[in-house]
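# Examination of the molecular architecture
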Amino acid sequence: MDKRRIPVIFDAENFRFGKVPRKVGKTLLLVLAYMLVTFTLAVLVYLVFSLFFRTDTERRLRQEIRMYERLYPELEERGQLLGDAIANLQYKDNEIYGLVFHSSGAPMLDPMEEEGSFVDVDAVPEQALLSYARNKADSLLQRGRAVDATFERIFRALSDSAMVLPPMILPIKDITYPQVGASTGRKMNPFYKAYVYHEGLDLIVARGTPVLASADGTVVSASSSKSTGNTVRISHAGGYETVYAHLESMNVRAGQRVRAGARIGAVGMSGQAFAPHLHYEVRKDGAGMDPVGFFFASLSPTEYVNMLYMSANTLQSMD
């Protein structure tokens with residue numbers, strides 16, 4: 001028998017007992033209290049778990065944060081170095097524009113950014129513009145006539161049967177200007193960190209790349225030394241001599257006759273070499289020449305100009 005007490009009320013009109021009706025306000029308060037308690041418990045459970053328990057993702061993220069905190073000072077220093085390098089490149093760029101285009105500096109990304117960029121364009125007198133254009137045209141015509149005269153001398157020399165051509169074949173087949181390093185002149189030595197005279201041209205290619213004879217000739221020597229490593233010297237007609245240094249291997253011997261384009265060895269880094277490359281020299285009657293000047297017959301004009309620029313402006317040699 002259920003002994004729980006149930007509140008009842010006497011209905012005098014119907015002469016019977018019935019349950020006491022619940023008030024709506026009280027019920028709503030009970031529901032709100034229940035929801036508040038539930039929400040509070042959920043928040044407490046979340047706080048407990050967040051403070052004392054870590055998921056794998058949270059642990060990984062915290063490790064990354066600690067790593068970034070350690071790396072940030074180094075990254076900040078590198079950022080400063082990059083900023084200085086960019087400022088240095090901008091300074092050099094302005095110098096190049098000054099030398100080539102006679103301009104005060106390289107053009108900005110937005111030339112209208114600074115006031116006055118094009119303000120005075122229309123202020124130049126028409127007569128001054130005509131005079132400038134006429135002088136430029138006369139100068140170009142004179143240079144054109146000089147080029148024509150030079151080509152005439154070249155054609156006459158080539159038609160002479162006694163003419164001896166210098167070594168003009170590329171010692172590395174299909175080499176492009178990004179692979180060209182320092183040429184002749186005062187260059188920074190990578191080992192001594194000082195400027196010394198560099199006697200040849202650095203051609204930066206992979207180890208094992210075939211090295212070719214740049215003209216017909218006779219092998220003077222195929223020897224090895226501490227400084228230049230495995231080195232081949234070839235004597236050519238007309239007093240020319242070519243030198244191929246830092247080879248990984250040599251395929252010729254002293255006294256051997258070789259034809260232009262014949263393989264004489266492979267690129268390496270024997271001797272004092274900073275990285276795999278071919279150190280290539282051209283000599284005329286014992287005097288050192290700039291090897292790039294002999295490549296024009298094997299390259300397009302654009303490639304030749306780019307190669308000249310790269311070799312002249314690379315300030316550190318590879319040996």
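The structure this text deals with has already been given above.
These notes cover the structure that comes with them. (Residues numbered from 1 in each chain as written. Predicted model: local features only at pLDDT ≥ 70, side-chain atom pairs only at ≥ 80, totals over all residues. Heavy atoms only, no water.)

## Some thoughts on the pattern of salt bridges
The full count for this structure, using the stated rule, is five salt bridges. One salt bridge in this structure joins Asp216 and Arg259, with 3.5 Å as the shortest N-O distance. In this pair, Asp216 sits in the loop between β6 (210-212) and β7 (217-225) while Arg259 sits in the loop between β10 (257-258) and β11 (263-267), placing the two residues 43 residues apart along the sequence. Classification of Arg259 as exposed rests on a relative accessible area of 59%. One network of salt bridges, in which partners are shared, links Glu199, Glu281 and Arg283. (Salt bridge = Lys/Arg side-chain N within 4 Å of Asp/Glu carboxyl O. Helix = DSSP H or I, 4+ residues; strand = E, 2+ residues; numbered from the N terminus. Buried < 20%, exposed > 50% of the residue type's maximum accessible area, 1.4 Å probe, protein only.)

## Remarks on the layout of surface pockets
A volume near 340 Å³ is recorded for the largest pocket. Around the largest pocket sit 18 residues that line it, and His198, Ser227, Thr228, His279 and Asp319 are the ones nearest its centre. At the level of elements, β4 (195-198), β9 (240-250) and β12 (278-284) are the ones that each hand at least two residues to the lining of the largest pocket. Broken down by class, the residue content of the lining of the largest pocket amounts to four nonpolar, eight polar and six charged. (1 Å grid on protein atoms, 1.4 Å probe; cavity = no way out; pocket = protein on both sides within 12 Å on 5 of 7 lines; lining within 4 Å. Points joined across faces, edges and corners; volume = space filled by probe spheres on them. Nonpolar A, V, L, I, M, F, W, Y, C, P; charged D, E, K, R; others polar.)

## Quick notes on unusual backbone geometry
The backbone phi angle of Asp174 is positive, close to 60°, even though this residue is not glycine. For Asp174, the position within the fold is in the loop between α3 (126-159) and β3 (185-188). A relative accessible area of 63% means that Asp174 is categorised as exposed. We note that His246 has phi near 65°; this positive angle belongs to a residue other than glycine.

## What to know about the environment of Asn313
Mapped onto the elements, Asn313 comes out in helix α4 (residues 301-313). According to the relative accessible area criterion, Asn313 is partly exposed, its value standing at 45%. With 131 residues separating them along the chain, Asn313 and Ala182 place their C-alpha atoms 7.4 Å apart. Here Tyr309 takes part through its backbone oxygen, which lies 2.8 Å from a polar atom of the side chain of Asn313. (Polar contact = N/O pair within 3.5 Å; in protein donor to acceptor, adjacent residues only side chain to side chain.)

## Some points on the pairing of strand β8 (residues 229-235)
Within β8, five of the seven residues are buried, leaving the element largely enclosed by the surrounding structure. Note: β7 against β8, seven bridges, orientation antiparallel. Note that in β8 the partner of Ser225 across the bridge is Gly229. Hairpin geometry of β7 and β8 is characterised by an intervening segment of three residues between the two adjacent antiparallel strands. One ladder, built from five bridges, connects β8 with β9; its direction is antiparallel. Looking at the pairing, Ile234 lines up with Thr242 of β9. With antiparallel pairing between neighbouring strands as the criterion, β8 and β9 make up a hairpin whose turn holds four residues, including Gly238 at a positive phi of roughly 85°. (Pairing = 2+ DSSP bridges.)

## Quick word on the packing of aromatic side chains
One pair of aromatic rings is described through two measures. These are the centre distance and the angle between the planes. What the rule picks out here adds up to five aromatic pairs. With centroids separated by 6.2 Å and ring planes inclined at 20°, the aromatic side chains of Tyr280 and Phe295 adopt a geometry described as stacked. Taken together, the residues Tyr280 in strand β12 and Phe295 in the loop between β13 (287-289) and α4 connect sequence positions 15 residues apart. For the pair Tyr280 and Phe295, a shared accessibility class is recorded, and that class is buried. Here the guanidinium or amino end of Lys284 rests over the ring plane of Tyr240, the centre of that ring lying 4.6 Å away. (Phe/Tyr/Trp six-rings, centres within 6.5 Å; stacked < 30°, edge-to-face > 60°. Lys NZ or Arg CZ within 6 Å of the ring centre and 35° of its normal.)

## A word on the pairing of β12
Counting buried positions over the seven residues of β12 gives six, a clear majority of the element. Where strand β5 (residues 201-203) and β12 come together, three bridges link them in antiparallel fashion. When the bridges of β12 are listed, Leu203 appears paired with Leu278. The pairing of β9 with β12 spans six bridges and is antiparallel.

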